[in-house]
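Below, each chain spelled out in residue letters.
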Amino acid sequence: MADYRELWESLDMDLEKHDELCQVLPEFYGDIYMTQEKRPEGMNYFNFVISEIHGLRIKELNEHRKNGKKVFGSFCVFVPDEVILAADGIGVGLCGGSEFWVPDGEKVLPRNMCPLIKASVGAKISGTCPYFQSADMLVGETTCDGKKKAWEILEDYIPMHVMDLPQMKREKDKENFKDEIKIFKEKVEEVTGNKVSAESLKETIKLVNNKRKTLQRLYNTRKAENLPISGKDALLITQVAFYDDTNRFIDKVNELCDELENRIEEKVSVFKEGTPRILLTGTPMAIPNWKMHHLIETSGGAVVCEEACTGTKYFERLVDEDNEDLDSQLRALSERYMGINCACFSPNDGRIDDIIRLYKEYNADGVIYNSLPFCHTYAIEYKKVKDALEKEGIPVIMIETDYSLQDAGQINTRLEAFFEMINMNKELAI
Ligand code: SF4
Ligand code: SF4
């Protein structure tokens, strides 16, 4: 990586500690990603993005800030990017996916909390994440209890705005969330000094929809019988979607999709024939959490789809583009975002329907339900999901794991047994 020390220093980072992080990431990435065979050429761009994850993009963000733009960091797919972009702001996803930040999070949070929250808070208070340091404001939400209480701690370190997310999906909840988006719009206008107009919002609704359509195109290639891309690579692309410049990301993913669609025609696959196809569902996998994908794909399986926030929840539903006034646009945004089936809602039957639908669409052979420890909403919801899948005859297992690799061997053994069972079922069905 080029020398960005001056830039990091200007962001008030703990350089010594940050050096430790920079030392481990390239090797970690190399072991997981660069060992894959037959990777598409188009993945070179994403290799480059990762090699420059604390460099070039941070430089870009800071150049924008020098020109008066504001950066908003968020932690959840319920924060509407359209509003930030319409005020000429920049949104970046911040969820911490690294074990590196957990001990710092534990300095101010109880240990028995989800690692995603601990890592997110740890990243800020340790001063080792340049994205947190480049943010002018963080945007939290009242999704799970852990997050909403963590914001009260984070606001001692950086300005925060918290959006109140309803926990049910009745008509009045959609109206409430529309009001929340309006309040958020006013906050964004105050921070950026720019008004959001119906014209600017119409444009950014289209732009973010285009990003979603591009990801839909990418995911559609994973429905093919011969898989042109690994699950690991697809996950990486979704993770990068939260950070990258929107237009550049759309161009690069479309270029890659051209290549993948050619591969499908030419019957090129990155997995050998008959590899069990897995739908992964559960808690978000924030960068650099590649653990479950890596374990699955080195134990004899292939991930064909993620029913997760770093997956279909991020891009599946589009916002209605045919509204000319702000009030109707805010309503359309609320409709789209309230369509996300996060486990923080009760009831959340829509998620079960999504899992069964995706299982069929992606021709999956089994479902792996992945949950971070101490994520009560997702862990409790497993019972209903499991019952529904068993009723449909869909094989499912739950794996609860954090970011550390201590349990890797044990998970491998469970995965191998699961894939063996799937293969036996397939043979019996012939
Ligand atoms: S799982 Fe729920 S709370 Fe977590 S990022 Fe996704 S939508 Fe937000
Ligand atoms: S994984 Fe679960 S506990 Fe952790 S932040 Fe998301 S919803 Fe909350």
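Residues numbered from 1 in each chain as written. Chains lettered and ligands numbered in written order. Predicted model: local features only at pLDDT ≥ 70, side-chain atom pairs only at ≥ 80, totals over all residues. Heavy atoms only, no water.

A look at the site of ligand 1
Neighbouring ligand 1 are the residues F75, C76, V77, F78, T143, K147, P284, C309, C342 and Y378. Counted by class, the shell around ligand 1 contains 8 nonpolar, 1 polar and 1 charged residues. (Near = heavy atom within 4 Å. Nonpolar A, V, L, I, M, F, W, Y, C, P; charged D, E, K, R; others polar.)

Regarding the packing of aromatic side chains
Summed over the entire model, instances satisfying the criterion amount to 16 aromatic pairs. Both rings, one in F78 and one in F177, keep their centres 6.2 Å apart while their planes meet at 90°; by these two values the pair is edge-to-face. Taken as a pair, F78 in the loop between β1 (71-74) and α5 (81-86) and F177 in helix α10 (residues 171-192) lie far apart in primary sequence, 99 residues in all. Side by side, F78 and F177 carry an identical accessibility label, which is buried. Their ring planes at 25° and their centres at 4.2 Å tell us that F242 and Y314 sit as a pair that is stacked. With a gap of 72 residues between them, F242 in the loop between α12 (231-241) and α13 (246-265) and Y314 in helix α15 (residues 312-315) connect regions that are remote in the sequence. Chaining the aromatic ring pairs together yields one cluster made of F28, Y29, Y33 and W290. The residue whose ring lies beneath K169 is F345, and the NZ or CZ to ring-centre distance is 4.5 Å. The ring of Y362 is capped by K223, whose NZ or CZ atom sits 5.1 Å from the centre of that ring. (Phe/Tyr/Trp six-rings, centres within 6.5 Å; stacked < 30°, edge-to-face > 60°. Helix = DSSP H or I, 4+ residues; strand = E, 2+ residues; numbered from the N terminus. Buried < 20%, exposed > 50% of the residue type's maximum accessible area, 1.4 Å probe, protein only. Lys NZ or Arg CZ within 6 Å of the ring centre and 35° of its normal.)

Structural notes on the nonpolar core
Buried together is how nonpolar side chains tend to be arranged in soluble globular proteins. Residues F46, L218, L236, I237 and I368 are the most contacted members of the largest nonpolar core, which totals 142 residues. Not counting the four nearest positions on each side in its chain, L218 is found in contact with I229, I237, V253, L256, C257 and L260. (Core = buried A, V, L, I, M, F, W, Y, C linked by side-chain atoms within 4.5 Å. Contact = heavy atoms within 4.5 Å.)

Notes on the UniProt feature "coiled-coil region" (unreviewed entry) in the protein chain
In this numbering, the UniProt entry assigns the feature "coiled-coil region" (unreviewed entry) to residues 174-218 and 243-270. Each end of residues 174-218 is marked by a C-alpha atom, and these two atoms are 30 Å apart; helix forms 89% of the span and strand 0%. The span residues 243-270 is 71% helical and 0% strand by assignment, and the distance between its end C-alpha atoms comes to 27 Å. (UniProt positions renumbered as here; feature names shortened; annotations may be inferred.)

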